[in-house]
Amino acid sequence: MTGGVTSSLGEPNPIAIAGFFVFIALSLGITYLAARRTRDAEHFYAAGRSVTGFQNGLALAGDYMSAASFLGIAGLVALSGFDGLIYSIGFLVGWPVVMFLIAEPLRNLGRYTFADVVAFRLRQKPVRVAGAMGSLAVVAFYLIAQMVGAGNLIRLLFGLSYDFAVAVVGVVMLTYVLFGGMIATTWVQIVKAVLLLLGAFLLAVLALVPFDFNPLMLFEAAAERYGGGVLAPGGLVSDPVDAVSLGLALMLGTAGLPHILMRFYTVPDARTARSSVSYATAFIGIFYLLTFVLGFGAMVIVGQDAIRGVDAGGNMAALLLAEASGGAGFLGFISAVAFATILAVVAGLTLAGAATLSHDLWVNVARSGEVSQREQLQVARVSSALLGVLAIVLGILFEGQNVAYMVGLAFAIAASANFPALLLSVFWRAFTTRAAYLSMLTGTGTSLLLIYLSPAIQVDILGNAAAVFPLRNPGIVSIPLAFLVAIVAALAWPEPGAARGFDEVERRVHLGAADPV
Amino acid sequence: MAASDDLKHLDAARWRMAVGLTATMMALYFGFILLVAFGKPLLGTLLGPGLSLGMLLGALVIVAAWVLIWIYVRWANTHYDRAVAALRGRS
């Protein structure tokens, strides 16, 4: 390895490979059991609505704690200290928003996708087509981030070629989704969440051994070695407007991520949806606090130069720390956990994308809702297969992209395209079909356009001297614009039928569908 | 008719709670971000060995998210669920 670090990263690690196969065998076992229970669309998309609050909390946390945040944030903390905390907090504060505004109404109004809720009292086709564009854009960006991360990680860990690694991830996760649907995806997610929390906890404990298990002594050691600057805000937030823009996208984007929203349909009722967010927020918060300790542990125990020597972005910090404090065996365990993490998140994304393609576009737009159970399930599986292939292709095409940045963009699109329409549809009587689709198209279009015009594409990738749009994250423009378009359109073109339908929305938000009134 | 008035009351109460808590969370989080942007030296103040004001406030934002969720769940599990059950029973 460069930088004079002794690390076995890049050489085949027997424990990592064994752990990797144990996880695959375990998850295929789950898939086999789940496949026998996956009889109809209700099972394929929503696990038969039989998941408990605690299980769903773990599954939500599993969907959210991607390898990008485990490796990326630990790396960011290891290289810049305090600044990494800013990201962690941004990812966490989206959950209260999901809890207060979205989770329960979503569970009570929809069946499989968030567009069910938006389209509830509006004209189905235009709303679902516009909703699908936003959802698919989010899923595509998020998939790119995960696949690129997976390819790099596996190449580093096992010495496999990048393309082969991406293909392996695509094929394995597609097996879960195709045969086991949401039941398998949920259980894979739960197993992975437990492994990841356990792995992060053990790693943090090991890293704290030399510091009498006192994180403050670790932070103090970091400040002694790298200066007090590591405990203070540094260069990450150099432009306040950009910082607020990213903050808005992270905070509101969580409530617009299709694969997260879809999980609320797997529980039996709104009360369980509520308890699942409590569990998820607790797990995710603990995870990010642990990540903060891991980052500082890597900074002190491994050293910043050594971390940069292996990967300039710092993405391997957590793994180097695992090796430095627990030996090659522990590195193998943490590597297998990171691999499991990627597989599970990619499976969740693929299922959410497939629900959009089949339930929104095929069943409700192309066939106007007149579809047999058998056909629904077939179309869902074909859509999953298409998305699986797409994931592999995207992963290979976008090799070398910055993983954390792509995730940030997925959040910006989710916050602009999906969140405003979803919120207004359950909140505002005067909301209309036209307002919904114009808002979703504006949110998707503006965020994509501004991303293209941003310095990250114009300067960093295309090599232009300056960018037309100065911010790296479009949220501060695209989110308010999507709200504004919705409000103006609804006031300019009222839709009396949609307003009348709001009485039923209001009743369902609180009383749910099961109520016979 | 009375049931529909009760539903309106419940609806108003739920959204008041939801919007109030969301606004609190946003104020805390963006307050923190603005401090990070404009108060860098302040946040770098050491409160003790190894602990800066910024790190303490950052951890407190996470704790605040937990506390706000706890407040909501407590309210929903008692007041809100009871009101929903009463509405269901009557209509």
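Before any of the text, the structure's been laid out above.
Residues numbered from 1 in each chain as written. Chains lettered and ligands numbered in written order. Predicted model: local features only at pLDDT ≥ 70, side-chain atom pairs only at ≥ 80, totals over all residues. Heavy atoms only, no water.

1. A look at the environment of A:Phe283
All names here are of chain A.
For step 1, the next point in the chain: Structurally, Phe283 is set in helix α12 (residues 270-302).
For step 2, the next point in the chain: For Phe283, a relative accessible area of 17% puts it in the buried group.
For step 3, the next point in the chain: Between the C-alpha atom of Phe283 and that of Leu58, which follows or precedes it by 225 residues, the distance is 7.4 Å.
For step 4, the next point in the chain: Discounting residues that sit within four places of it in the chain, Phe283 has contacts with Phe54, Gly57, Leu58, Ala61 and Leu197. (Helix = DSSP H or I, 4+ residues; strand = E, 2+ residues; numbered from the N terminus. Buried < 20%, exposed > 50% of the residue type's maximum accessible area, 1.4 Å probe, protein only. Contact = heavy atoms within 4.5 Å.)

2. Quick look at the pattern of salt bridges
If the charged atoms of two oppositely charged side chains come close together, the side chains can form a pair.
Residue and element names in this part refer to chain A.
For step 1, the next point in the chain: Under the definition given, this model contains 13 salt bridges over all chains.
For step 2, the next point in the chain: Salt-bridge contacts for Glu42 lead to Arg49; the nearest nitrogen and oxygen are separated by 2.9 Å.
For step 3, the next point in the chain: For Glu42, a relative accessible area of 25% puts it in the partly exposed group.
For step 4, the next point in the chain: Across the salt bridge formed by Glu504 and Arg507, the nearest N and O atoms sit 3.2 Å from each other. Taken as a pair, Glu504 and Arg507 lie in helix α20 (residues 496-511) at a separation of 3 residues, close to a single helical turn.
For step 5, the next point in the chain: You can call Glu504 partly exposed: its relative accessible area is 31%. (Salt bridge = Lys/Arg side-chain N within 4 Å of Asp/Glu carboxyl O.)

3. Digging into the interface of chain B and chain A
For step 1, the next point in the chain: At the junction of the two partners, chain B supplies 47 residues and chain A supplies 53 residues.
For step 2, the next point in the chain: Summed over both partners, the interface of chain B with chain A comes to about 4500 Å²; 76% of that surface belongs to carbon and sulfur atoms.
For step 3, the next point in the chain: Inspection of the chain B/chain A interface yields 3 salt bridges.
For step 4, the next point in the chain: Taking the shortest distance from any N to any O, the salt bridge between B:Asp81 and A:Arg274 comes out at 3.0 Å.
For step 5, the next point in the chain: Counting across the chain B and chain A interface gives 11 residue pairs in polar contact (both at pLDDT 80 or more).
For step 6, the next point in the chain: Mapped onto the side of chain B that touches chain A, the elements with two or more residues apiece are α1 (2-38), α2 (40-43), β2 (51-52) and α3 (53-90) of chain B.
For step 7, the next point in the chain: Among the elements that make up the side of chain B that touches chain A, the one with the highest residue count is α1(B) (20 residues).
For step 8, the next point in the chain: In the side of chain B that touches chain A, the residues fall into 33 nonpolar, 8 polar and 6 charged. (Buried area = accessible area lost by both parts, 1.4 Å probe. Polar contact = N/O pair within 3.5 Å; in protein donor to acceptor, adjacent residues only side chain to side chain. Nonpolar A, V, L, I, M, F, W, Y, C, P; charged D, E, K, R; others polar.)

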